[in-house]
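Observations on the model geometry
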Amino acid sequence: MILRFLKNWTLPLAMMAGTLVYFFFARISFLAPVKPYVNVLVAILTPALIFAQLLLTFCKVEVHELKPKSWHGWLLLFQSVSCLVVASILILCPMEEVYREVFEGAMVCLICPTATAAAVITGKLGGSAASLTTYTLLSNLLAAISVPLVFPLVEPHAEITFWVAFLKILSKVFPLLLFPFFLAWFLRVFLPKVHHFLLGFHDAAFYLWGVALAIVSGQTVRSLMNSEAPVFVEVLIALAGLVACCIQFYLGKKIGGHYKERISGGQALGQKNTVLAIWMAYTYLNPLSSVGPGSYVLWQNIINSYQLWKKRRKSEMYSDVRR
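Rules and cut-offs
- Residues numbered from 1 in each chain as written.
- Predicted model: local features only at pLDDT ≥ 70, side-chain atom pairs only at ≥ 80, totals over all residues.
- Heavy atoms only, no water.
- pLDDT = per-residue confidence, 0-100.
- Helix = DSSP H or I, 4+ residues; strand = E, 2+ residues; numbered from the N terminus.
- Salt bridge = Lys/Arg side-chain N within 4 Å of Asp/Glu carboxyl O.
- Buried < 20%, exposed > 50% of the residue type's maximum accessible area, 1.4 Å probe, protein only.
- Axes fitted to C-alpha atoms, helices over the stretch in contact; angles between N-to-C directions.
- Parallel < 35°, antiparallel > 145°, perpendicular 65-115°, else oblique.
- Left-handed = near helix turned anticlockwise from the far one by under 90°.
- Contact = heavy atoms within 4.5 Å.
- Nonpolar A, V, L, I, M, F, W, Y, C, P; charged D, E, K, R; others polar.
- Phe/Tyr/Trp six-rings, centres within 6.5 Å; stacked < 30°, edge-to-face > 60°.
- Patch = residues over 30% accessible without salt bridge, like charges linked within 9 Å, V, L, I, M, F, W, Y side chains within 5 Å.
- Areas by Shrake-Rupley, 256 points an atom, 1.4 Å probe, with all protein chains shown as cover.
- Lys, Arg positive; Asp, Glu negative; His and termini not counted.
- Charge placed at Lys NZ, Arg CZ, Asp CG, Glu CD.

Description of the confidence of the model for the protein chain
The predicted coordinates ought not to be read in detail in places where the model reports low pLDDT. Of the residues in the protein chain, 91% reach a pLDDT of 70 or more, and the chain-wide mean stands at 84. Confidence, expressed as mean pLDDT per element, reaches its minimum in the protein chain at helix H1 (residues 2-8) with 67 and its maximum at helix H12 (residues 262-270) with 96.

Structure below.
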């Protein structure tokens, strides 16, 4: 009974666990000496977990399935246009600093590329991991080109060249995305027995994502708690992240559904690489705008949890009818 409960509510339990662990370490003074070691462990463990879950997911993906589709173009167009619209408002319309931070937080959430681990949730929901992987590559290229061009116009003080930023964004994303894919392909071709063995563990990718989510949730809570901004400003920026999240999941599902890829479309546009988004906000914009993508971690995983619950409920109802 307990195992079933843990399996059914992995994502919300992971977020709760990450939050509780943060407060545990933050409040207990005698643990202070071990905090630097914990930070190092987290820095190593998070990419390792993402690498492992992507490897297990990509073992199921056929290379010939990785090709651009029409809905990819529409989602990329939405990301580009929405980012440019918000940037134009910030450039052309004078406003108080508080509202600038709100718009900047929303802008980061809109242009931010798809999370590298989105394929895991997509596969769990019954979508196409291959289509999602293709869009992840395309959206990261779009962000790598758009962000260095647009964001400095919003906050001109950002002293970083286009090429430096372009390569920095790619270096943060593509190794973690491409290495497990090429390793999965290598195992499929040259070590089929190992590949077949790993296929038996493809469901483990979801639970690895749960562990990674617990770590990210703890880091998000830490950044919010350490912020010196007024609470009402943080709330406004977090609400902007919520609006951006709901709009993107909705439009992604509508556009993807038109091409019979509703699940993949929703996850492609809605599930974001928030770690990269926070870095982009700190690098180019007012650092307080990073609250937007920070809160996005919570919003997108609440939606993911609801989607998984809804799918599980439908499966249980279908099983009851067949009986």
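Let's talk about the pattern of salt bridges
Overall, the coordinates contain three salt bridges when judged by the stated rule. For Glu261, the salt bridge identified is with Lys69, shortest N-O distance 2.8 Å. Taken as a pair, Glu261 in the loop between helix H11 (231-258) and H12 and Lys69 in the loop between helix H3 (35-58) and helix H4 (70-92) lie far apart in primary sequence, 192 residues in all. A residue is classified by how much of its surface remains accessible, and Glu261, at 12% relative accessible area, is buried. For Lys69, a relative accessible area of 32% corresponds to the partly exposed category. Put simply, Arg100 and Glu155 hold a salt bridge, and the shortest N to O gap is 3.9 Å. Taken together, the residues Arg100 in helix H5 (residues 97-111) and Glu155 in the loop between helix H7 (129-154) and helix H8 (162-190) connect sequence positions 55 residues apart. Across this residue pair, the class does not change: Arg100 and Glu155 are buried. Through salt bridges with shared partners, a single ionic network connects Arg100, Glu104 and Glu155.

A look at the packing of H4 against H12
In the contact formed by H4 and H12, the axes pass within 11 Å of each other and the chain directions differ by 25°. What the angle tells us is that H4 and H12 run roughly parallel. Helix-helix and strand crossings are classified by hand; for H4 and H12 the assignment is right-handed. Where H4 abuts H12, its residues Trp71, Leu75, Phe78 and Gln79 lie against Ser264, Gly265, Ala268 and Leu269. Grouping the constituent residues of the contact of H4 with H12 by class yields five nonpolar, three polar and no charged.

Notes on the packing of aromatic side chains
Enumeration according to the criterion identifies nine aromatic pairs in this entry. Ring centres of Phe58 and Phe181 lie 5.8 Å apart, and the angle between their planes is 80°; on these two criteria the pair is classed as edge-to-face. With Phe58 in helix H3 and Phe181 in helix H8, this pair connects stretches of sequence that are 123 residues apart. An identical accessibility class is assigned to Phe58 and Phe181; each is buried. With a centroid separation of 6.4 Å and 85° between ring planes, the pair formed by Trp185 and Phe190 is classed as edge-to-face. Taken together, the ring pairs in this structure connect Phe58, Phe181 and Phe182 into an aromatic cluster.

Describing a positive patch on the surface
A contiguous patch of positive charge on the surface is contributed by Lys254, Arg262, Lys310 and Lys314. Mapped onto the fold, Lys310 is located in helix H14 (residues 291-322). Of the residues examined, Lys310 reaches a relative accessible area of 38% and is grouped as partly exposed.

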